[in-house]
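# Residue-level structural notes
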Amino acid sequence: MTNRVRTAHRGAVRILLLAAAVLGLQLAVAGAASADPASSAWAKLRMCESSSRYTINTGNGYYGAYQFDLPTWRSVGGQGRPDQASPREQDYRALYLYRMRGWQPWQCGGMLKLVGDADARSKRIPSYDESAYMGGIGLPAPPTPKPQPAPPAPPGGMPAWPGLVYAYGDCAPALKTFQLRMNAFGYGFTGTGCYYDKTKTAVLDLQRANGIKDSGRLGPLTWKAAWQGKRPR
């Protein structure tokens, strides 16, 4: 084999090895990205945390679709207030937080039994492209879901949770059911079915008495505590 042929052969081998290395790197990156939770898991989390409302402000220090408090938002590089950020930005910061701490920061993660994967607590900072699959990118905040009437309580029992998380300013038949139940603890509601200051006080009192994160949101744990939990102080 001539020197010219040997040189050409070695060059071709180097090119093939370089191409294989680049392809392997691309596959590794793609494989890592695919380890993130499915978009359906994020959709369930948002619905439980905020009824999937990106602009929600509960009035108690938790904001946006993923109910960030400000210290947590800033710990993953968020600027301003979460509920004033775009859906794309909120999705990105949520994925960033997931890669730092898994599902642990979200109470709903445990309630929904969401399971962490290879990227949970990996400390690998995502890109905006990697968070684009999560569901909120480029979309306006979804409208407030139409509340469903709360089913009647069985005799002596607890009515089923209506499936929506309620926050300040919401009005729904289920809120009336909750308010009237809280009268058993001396709150004196007339049963307007609208969530304002008095309802917020009752929700926070109930959460604090039962070791529930005092978010001020009326979700499944707080609903259950109204019938089966400890009496508010």
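Residues numbered from 1 in each chain as written. Predicted model: local features only at pLDDT ≥ 70, side-chain atom pairs only at ≥ 80, totals over all residues. Heavy atoms only, no water.

### Looking at the state of the cysteines
Which entries qualify depends on this criterion: The disulfide criterion is simple: two cysteine sulfur atoms within 2.5 Å. Each helix corresponds to a stretch of at least 4 residues labelled H or I by DSSP, and each strand to a stretch of at least 2 residues labelled E; elements are numbered beginning at the N terminus. The buried label goes to any residue with under 20% of its type's maximum accessible area, the exposed label to any with over 50%, and the partly exposed label to all in between, with areas taken from a 1.4 Å probe on protein chains only.
Counting across every chain of the model gives 2 disulfides. Each sulfur of the disulfide joining Cys48 and Cys108 lies 2.1 Å from the other. Looking along the S-S bond of the Cys48-Cys108 disulfide, the torsion reads about -75°, which is the left-handed sense. Of the two residues, Cys48 is situated in helix H2 (residues 39-50) and Cys108 in helix H5 (residues 107-111); the sequence distance between them amounts to 60 residues. For the pair Cys48 and Cys108, one class covers both residues: buried. What pairs with Cys171 in a disulfide is Cys194, and their sulfur atoms sit 2.0 Å apart. Of note, the bridge from Cys171 to Cys194 carries an S-S torsion of about 115° and is right-handed in sense. Taken together, the positions of Cys171 in the loop between helix H6 (128-131) and helix H7 (173-182) and Cys194 in the loop between H7 and helix H8 (197-209) put the pair 23 residues apart, joining distant regions of the chain. When the bonded cysteines of the protein are numbered from the N-terminus onward, they pair as 1-2, 3-4.

### Remarks on the nonpolar core
The following threshold applies: Put simply, a nonpolar core is a bunch of buried Ala, Val, Leu, Ile, Met, Phe, Trp, Tyr and Cys residues held in one set by side-chain atoms that sit within 4.5 Å of each other. By definition, residues are in contact when any of their heavy atoms lie within 4.5 Å.
The biggest cluster of nonpolar side chains holds 24 residues, and the ones touching the most others in it are Trp42, Leu45, Tyr66, Trp103 and Trp106. Where this core is concerned, the elements lending two or more residues are H2 and helix H4 (87-101). The greatest single-element share of this core, amounting to 7 residues, is contributed by H4. In contact with Trp106, not counting residues within four places along its chain, are Trp42, Leu45, Glu49, Tyr66, Ala94, Leu97 and Tyr98.

### Some points on the pattern of salt bridges
Spelled out, the test is: Counted as salt bridges are all cases of a side-chain nitrogen of Lys or Arg within 4 Å of a carboxyl oxygen of Asp or Glu.
Under the counting rule described, the total for this entry stands at 10 salt bridges. Between Arg53 and Asp170 there is a salt bridge, and its shortest N-O distance comes to 3.0 Å. Placement of Arg53 in the loop between H2 and helix H3 (70-75) and of Asp170 in the loop between H6 and H7 is noted, with a sequence separation of 117 residues between them. The same class applies to Arg53 and to Asp170, which are both buried. Among the ionic pairs, Glu89 bridges to Arg93, the shortest N-O distance being 2.7 Å. Separated by 4 residues within a single helix, Glu89 and Arg93 lie in helix H4, roughly one turn from each other. Arg93 matches Glu89 in its accessibility class, with the two residues each being buried. Among the charged side chains, a salt-bridge network with shared partners connects Asp36, Arg99, Asp119, Arg124 and Glu130.

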